[in-house]
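Given next are the chains, with one letter for each unit.
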Amino acid sequence: MTIRYDRPNATARATNAVIRWLAEAGISLAGSQVLRVRGRTTGITRAVVINLMTVDGVDYVVSPRGNTQWARNARAAGQVSLGPRWRPRTVSVREVPDDAKPPLLQHYLHRWFWEVKGHVGGLTPDSGPEQVRRVAPSIPVFEILG
């Protein structure tokens, strides 16, 4: 795993705050949901907006910006909370191994590239298997275990 992390700028933070507020209210934009995870050092629960992806009946979350705080916290905690504020569900998560990520990342890119195009290590929906395999270690992907 590489340490790539694309920090959001002020505009992205403001946009994400609005989308997170809508998701907290139960309004999903293009599959957005709120993910809450307890901090590794502070113990404070933090919330971010994510795109919940379902492939072959299995749910996944992807951190297109790389090794973000929420991804590190989810990795350490092994569980997260998903859903609106009044109806969250706590689920276990397991990080997907790098060699299993390429088909999941291809699916993610086809669905949300318009939203994450500047933050997926240079990948596009037309990226070839070798390019996706090369970038996959820098993009955390978590399977939702329920």
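Going by the annotation in an unreviewed UniProt entry, the name recorded for the chain is Nitroreductase family deazaflavin-dependent oxidoreductase, with Mycolicibacterium murale given as the source organism.

Topic: helix α2 (residues 69-77)
Among the residues making up α2, those that are buried are W70, A71, N73 and A74. Buried residues in α2, looked at end-on, bunch into an arc of 165°, giving them a common side. Looking at the buried positions of α2, the neighbouring elements they touch are β1 (32-38), β2 (45-55), β3 (58-62), β4 (79-82), β5 (89-95) and β6 (141-144). At the exit of α2 stands G78, carrying a positive phi of roughly 75°.

Looking at the environment of S92
Along the chain, the position of S92 falls in strand β5. For S92, a relative accessible area of 31% gives the class partly exposed. Through-space distance from the C-alpha of S92 to that of G146 is 5.7 Å; in sequence the pair is 54 residues apart.

Cut-offs and rules
- Residues numbered from 1 in each chain as written.
- Predicted model: local features only at pLDDT ≥ 70, side-chain atom pairs only at ≥ 80, totals over all residues.
- Heavy atoms only, no water.
- Buried < 20%, exposed > 50% of the residue type's maximum accessible area, 1.4 Å probe, protein only.
- Helix = DSSP H or I, 4+ residues; strand = E, 2+ residues; numbered from the N terminus.
- Arc of directions from axis to C-beta.
- Contact = heavy atoms within 4.5 Å.

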